[in-house]
Amino acid sequence: FSKRLEEDAKARDLAARRDQAVDLLLAKSDFDVPPSLVRRQTQSVLEEYAQRAQYSGLPSDYFKEHQDQIMAEAANSAVRRVRLTYILLGIAKEEGLEVSEEDVMAGLEKMVASSGGKSTAADLRKQIEENGQIVAYKEQLASEKALDFVLGAAK
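Note that the structure is a prediction, hence the values are computed from the model and not measured. (Residues numbered from 1 in each chain as written. Predicted model: local features only at pLDDT ≥ 70, side-chain atom pairs only at ≥ 80, totals over all residues. Heavy atoms only, no water.)

Overview of the nonpolar core
With 14 residues, the main nonpolar core has L25, L84, L88 and I91 as its most contacted residues. Contributions of two or more residues to this core are made by α1 (2–27), α4 (67–95) and α7 (134–154). In this structure L88 touches L25, S143, A146 and L147, once residues within four positions along its chain are discounted. Residues L124, I128, I134 and L141 belong to the second largest nonpolar core, which totals nine residues. (Core = buried A, V, L, I, M, F, W, Y, C linked by side-chain atoms within 4.5 Å. Buried < 20%, exposed > 50% of the residue type's maximum accessible area, 1.4 Å probe, protein only. Helix = DSSP H or I, 4+ residues; strand = E, 2+ residues; numbered from the N terminus. Contact = heavy atoms within 4.5 Å.)

Things to note about the pattern of salt bridges
Pairing of side chains with opposite charge becomes possible as their charged atoms draw close. Following the criterion strictly, the structure yields ten salt bridges and no others. Of the charged contacts in the structure, one is a salt bridge between R4 and D8, with a shortest N-O distance of 3.9 Å. Placement of the pair is R4 and D8 together in helix α1, with a separation of four residues, close to one helical turn. Residue classification places R4 among the exposed residues on the basis of a relative accessible area of 53%. Among the salt bridges present, the one from E48 reaches R81, with a minimum N-O distance of 2.7 Å. With E48 in helix α2 (residues 35–56) and R81 in helix α4, this residue pair connects regions lying 33 residues apart in the sequence. In this structure E48 comes out as partly exposed when scored by relative accessible area, which is 29%. A residue is classified by how much of its surface remains accessible, and R81, at 28% relative accessible area, is partly exposed. Each of E48, R52 and R81 takes part in one network of salt bridges that share partners. (Salt bridge = Lys/Arg side-chain N within 4 Å of Asp/Glu carboxyl O.)

Here's what the structure looks like:
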């Protein structure tokens, strides 16, 4: 039991450090981002909000009642996410942080394990490739490596 509490505390500490690093990176980098990417990301944020609302049992009319506020928050979050992606991919490129095939498969294995293992990493990779998302997935992994690099350098 105490080991579980310790692991939870470490995970919360890491999440707080990541949030601080992200806030600092965004505060030091203010630039315009392509509106098309912001629109696409806004849609993703809205889909995440809808999923969370469904899981938490919010009434269906909640979104209608708070539409303006939700849209503003989603747009703001989208701009931050797009800007952060540019920053982290820039760091990854500058530091030579490359994503290997092993990194891809390890990330996919984690996804499979967290979803209950209903498919294999190879199946998931095939699906991602067929959907044209492999480049985006590799960019996500590169961004994660860059954020880990930033956290490591901050110690």
